Amino acid sequence: MAGHSASRPQSPKTPVLIDMWHLGPEVSNSELTLSLLEVAESIHTKNLGGLWYFMFCRAPDHERKDKEQLERVLKDLYCGEVMGAETYAATLYAVKQKLDENGVEKFTVLVSWERKSLVRKYMEQLFTRLYQYELIELPMSSKEKHLKKPWESSKAGPHIDPEVEGIQKEISQFLESLPSLKGDLAILKSSLIPGHIFLHGFTTRTGGISYVSTLSSLNLFSSSKRRDPPAVVKENLRRLAHVAGFNPEMYHSIKVNHASDVWVMGQPQPESYDGIVTNQRGIIVAAPGADCIPLVFADPVKKVCGAAHSGNQISVVLTQLPKHDKPSVVKQMFPLLEAPTALAKIFSLSRCRLKLIY
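A brief structural summary.

The rules we used
- Residues numbered from 1 in each chain as written.
- Predicted model: local features only at pLDDT ≥ 70, side-chain atom pairs only at ≥ 80, totals over all residues.
- Heavy atoms only, no water.
- Pairing = 2+ DSSP bridges.
- Helix = DSSP H or I, 4+ residues; strand = E, 2+ residues; numbered from the N terminus.
- Axes fitted to C-alpha atoms, helices over the stretch in contact; angles between N-to-C directions.
- Expected span 1.5 Å × (residues − 1).
- Parallel < 35°, antiparallel > 145°, perpendicular 65-115°, else oblique.
- Left-handed = near helix turned anticlockwise from the far one by under 90°.
- Contact = heavy atoms within 4.5 Å.
- Nonpolar A, V, L, I, M, F, W, Y, C, P; charged D, E, K, R; others polar.
- Salt bridge = Lys/Arg side-chain N within 4 Å of Asp/Glu carboxyl O.
- Buried < 20%, exposed > 50% of the residue type's maximum accessible area, 1.4 Å probe, protein only.
- Phe/Tyr/Trp six-rings, centres within 6.5 Å; stacked < 30°, edge-to-face > 60°.
- Lys NZ or Arg CZ within 6 Å of the ring centre and 35° of its normal.
- Core = buried A, V, L, I, M, F, W, Y, C linked by side-chain atoms within 4.5 Å.

1. What about the sheet that holds strand β1 (residues 16–19)?
Alright, step 1. Pairing in this open sheet of five strands is parallel, and the strands run β3-β2-β1-β4-β5 from one edge to the other. The open sheet terminates on both sides in strands that have one partner only, identified here as β3 (80–85) and β5 (132–137). Within the sheet, the average angular offset between the axes of one strand and its neighbour, ignoring direction, is 20°.
Alright, step 2. Pairing geometry for β1 and strand β4 (residues 106–111), over three bridges, is parallel. Looking across to β4, one finds that Leu17 is bridged to Val109.

2. Quick word on helix α3 (residues 88–101)
Alright, step 1. Here α3 spans 20 Å end to end across 14 residues, near enough to the 20 Å set by a 1.5 Å rise per residue.
Alright, step 2. Residue Gly103 follows α3 closely and has a positive phi angle near 70°.

3. A word on the sheet that holds strand β12 (residues 294–299)
Alright, step 1. The four strands lie next to each other as β9-β10-β13-β12, forming an open sheet whose pairing is mixed. Every interior strand has two partners, whereas the edge strands, β9 (262–264) and β12, have only one. Taken over all neighbouring pairs, the strand axes of this sheet differ in orientation by 10° on average, direction set aside.
Alright, step 2. In this structure, β9 lies alongside strand β10 (residues 275–278), joined through three bridges in parallel fashion. Following the sheet pairing, Trp263 is matched in β10 by Ile276.

4. Some details on the packing of helix α6 (residues 164–176) against helix α7 (residues 230–244)
Alright, step 1. With their axes 10 Å apart at the nearest point, α6 and α7 run at an angle of 55° to one another. What the angle tells us is that α6 and α7 run oblique. The handedness of the crossing between α6 and α7 is right-handed. Taken together, the residues of α7 that come into contact with α6 (itself represented by Ile171, Leu175 and Glu176) are Ala231, Val232, Glu235, Arg238 and Arg239.
Alright, step 2. Within the contact of α6 with α7, the residues separate by chemical class into four nonpolar, no polar and four charged.

5. A closer look at the pattern of salt bridges
Alright, step 1. All told, the structure shown has eight salt bridges when counted by the stated rule.
Alright, step 2. Note that Asp19 and Arg115 form a salt bridge whose closest N and O atoms lie 2.8 Å from each other. Taken together, the residues span a long stretch of sequence, with Asp19 in strand β1 and Arg115 in the loop between β4 and α4 (116–126) at a distance of 96 residues.
Alright, step 3. Look at Asp19 and you get buried, because its relative accessible area is 0%.
Alright, step 4. When the shortest N-O distance is used, the salt bridge between Arg238 and Glu176 registers 3.9 Å.

6. Things to note about the packing of aromatic side chains
Alright, step 1. Scanning the entire structure with this criterion turns up twelve aromatic pairs.
Alright, step 2. Judged by centre distance (5.2 Å) and plane angle (80°), the ring pair of Trp21 and Tyr88 falls under edge-to-face. A residue pair is termed long-range when its members are at least 10 positions apart, and Trp21 in the loop between β1 and α1 (29–46) and Tyr88 in helix α3 qualify at 67 residues.
Alright, step 3. Among the residues examined, Tyr88 registers a relative accessible area of 0% and is labelled buried.
Alright, step 4. Here Phe107 and Phe127 contribute two aromatic rings whose centre-to-centre distance is 5.3 Å and whose plane-to-plane angle is 50°, an arrangement assigned as tilted. Taken as a pair, Phe107 in strand β4 and Phe127 in the loop between α4 and β5 lie far apart in primary sequence, 20 residues in all.
Alright, step 5. Overall, Phe127 belongs to the buried group, its relative accessible area being 4%.
Alright, step 6. Through a chain of ring-to-ring contacts, the aromatic side chains of Phe107, Phe127, Tyr131 and Tyr133 assemble into a single cluster.
Alright, step 7. Over the aromatic face of Phe127 sits the side chain of Lys96, whose NZ or CZ is 5.9 Å from the ring centroid.

7. Here's the deal with the environment of Glu271
Alright, step 1. When you line up the elements, Glu271 lands in the loop between β9 and β10.
Alright, step 2. Taking C-alpha positions, Glu271 is 9.4 Å from Asp261, a pair spaced ten residues apart along the chain.

8. Regarding the nonpolar core
Alright, step 1. By size, the foremost hydrophobic cluster in this structure holds 34 residues, and its most contacted members are Leu17, Leu92 and Phe107.
Alright, step 2. Non-local contacts of Leu17, meaning those with residues more than four positions away in its chain, are made with Tyr53, Met55, Leu92, Val95, Leu99, Phe107, Thr108, Val109 and Leu110.
Alright, step 3. Membership of the second largest hydrophobic core comes to 16 residues, among which are Val16, Val39, Ile43 and Trp52.

9. Here we look at the packing of α4 against α6
Alright, step 1. Axis separation between α4 and α6 bottoms out at 10 Å; the angle between their running directions is 50°. By the angle between their directions, the pair α4 and α6 is classed as oblique. Note that α4 runs across α6; the crossing there is right-handed. In this structure, α4 contributes Leu118, Lys121, Tyr122, Gln125 and Leu126 to the contact, and α6 contributes Val164, Ile167, Gln168, Glu170 and Ile171.

This is the structure we're talking about:
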């Protein structure tokens, strides 16, 4: 019996980012259009499918109609979008947002050979290890090789420092200019902790710049498994510090391990710890919280404070306590806050021991 075999669905091809910054901001529209056509032909030759993102340097006086003309050219080629900005950080960040909106984790970057190392440094600052990308050298004509580079002396073009420190500064300045998302930054405070002695508070999820839906906007934690890079988390922390009134350089957050280890500041720092205690002035200690409850401790007499990631089982114990018993639990803990080491003992108790105390 004859029949047609079902064709296998083709896997989606990875997006392609095309770095055109080697052309500089002063390149004419006709030259840029010609270069785009040559690159498009090269991409077809290499059989690189998926959506194309053309990244180019736009001078401050670059008119909107120029970009619209380029977009029409690309539309005729069925190949993608034009992403232009005055800084490379802004351009690459805009492309990253497009990739994240589509859930993309794997892509290809076409870049000129002389910018390959520089672009890689930008990528390392804005993309975590969650992403998989390959940098492929972009073919250039002999004429393009003699065009002025955007980081050379040019009043119209942005200055791009090839060193990581310069790249980080450019990214920081760009992120600082972004508006807050999902509302203002709010800090909740406890009436039990004297504000004239301890600067304290509990953050909400608004007021930052993180656009990833699963993290809300005020994300204060970065890892290789998340889309938010450390640069974004650093900017969120800067905004929090500005509103709360502390120095972000003095900020210390718990390195969660869902265990009972505690770092008493002044003693050797453990590799990971779910509690942190200090009696040093000007130090900010913090604990993250999601389904696990963050705990804050403060002794106004001994001037000792601490923060703890309570852990799932401890959270269950607190939740199961009758409402009228919960304040008594806090009162039982406060007499133990005689010194940082004493406070550390609270955190180091086993889960069974904690249940006995409660």
